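Topology and contacts: notes
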Amino acid sequence: AEALLRDFPNLCIGFTGVVTFKNAQDVRDVVEIVPLDRLLLETDGPYMAPVPHRGKSAHPGHITYIAAQIAKVKNVEVGEVAAAARRNTKRVYGF
């Protein structure tokens, strides 16, 4: 991830509900190195619903679980993660 972020200055990396899975420490390690201004929150993987909804279809209402886990990993408030992701989404998609 570090090389991609360095080589592609406009790249954002999206995180799904996988970040909440017990066995996904490698994903959480990536969260640690991705700056807030380069991350997105995603729920479009239908089989990537976060814990405690694992095994069910993912939907946008699950974003709060993903943001909360990222906030925990980065030791910041969940509102900071949500605000950064919103800014990044607007920038990436031109809203």
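Note that residues are indexed from 1 along each chain, following the sequence as it is written. In keeping with the model being predicted, local features are shown solely for residues with a pLDDT of at least 70 and side-chain atom pairs are shown and tallied solely at 80 or more, while totals for entire chains, interfaces and linings include all residues. Side-chain metrics in this entry use all non-hydrogen atoms of the structure; hydrogen atoms and water are not considered.

Focus: unusual backbone geometry
The phi angle of most residues is negative, glycine excepted, and most peptide bonds adopt the trans form. Here the amide bond leading from Val51 into Pro52 is cis, since omega sits at 20°, within 30 degrees of zero. Looking at where Pro52 falls in the secondary structure, it is placed in the loop between strand S2 (39-41) and helix H3 (63-74). Positive phi outside glycine occurs at Asn75, with the angle close to 55°. Here a strand is any run of E in DSSP of at least two residues, a helix any run of H or I of at least four, and the numbering for each starts at the N terminus. On the secondary structure map, Asn75 appears in the loop between H3 and helix H4 (78-93). Judged by its relative accessible area of 72%, Asn75 falls in the exposed class. For every residue, the accessible area obtained with a 1.4 Å probe (protein chains only) is divided by the maximum for its type, and the residue is called buried under 20%, exposed over 50%, and partly exposed between those limits.

What to know about the pattern of salt bridges
Salt-bridge detection follows one rule: a side-chain nitrogen of Lys or Arg within 4 Å of a carboxyl oxygen of Asp or Glu. Throughout the structure, instances matching the rule amount to one salt bridge. The salt bridge partner of Arg6 is Asp7, with a shortest N-O separation of 3.3 Å. A residue is classified by how much of its surface remains accessible, and Arg6, at 59% relative accessible area, is exposed. When its relative accessible area of 48% is taken as the criterion, Asp7 is described as partly exposed.

Side note on the nonpolar core
As a rule of thumb, nonpolar side chains are buried together in soluble globular proteins. Joining through side-chain atoms within 4.5 Å is the link that ties buried Ala, Val, Leu, Ile, Met, Phe, Trp, Tyr and Cys residues into a set, and such a set is a nonpolar core. If you look at the biggest cluster of nonpolar residues, it comprises 16 residues, and the most contacted ones within it are Phe15, Val34, Leu39, Leu41, Ile70 and Val81. For this core, the element with the highest residue contribution is H3, accounting for four residues. By the convention used here, residues are in contact when the closest approach between their heavy atoms is within 4.5 Å. If near-sequence neighbours (up to four positions away) are discounted, Leu39 is found in contact with Ile13, Phe15, Val34, Ile70, Lys74, Ala85 and Asn88.

Some words on the packing of aromatic side chains
Side-chain rings of Phe, Tyr and Trp (the six-membered ring for Trp) are treated as a pair once their centres are within 6.5 Å; stacked means planes under 30 degrees apart, edge-to-face means over 60, and tilted covers the remaining angles. Counted according to the given criterion, the structure contains one aromatic pair. A ring pair is formed by Tyr93 and Phe95, whose centres lie 6.1 Å apart and whose planes are at 25°; its orientation type is stacked. Residue classification places Tyr93 among the exposed residues on the basis of a relative accessible area of 56%. A relative accessible area of 72% means that Phe95 is categorised as exposed. A ring is scored as having a charge over it whenever the NZ atom of a lysine or the CZ atom of an arginine sits within 6 Å of its centre and within 35 degrees of its normal. For Arg54, the ring lying beneath its charged end belongs to Phe21, and the centroid distance is 3.6 Å.

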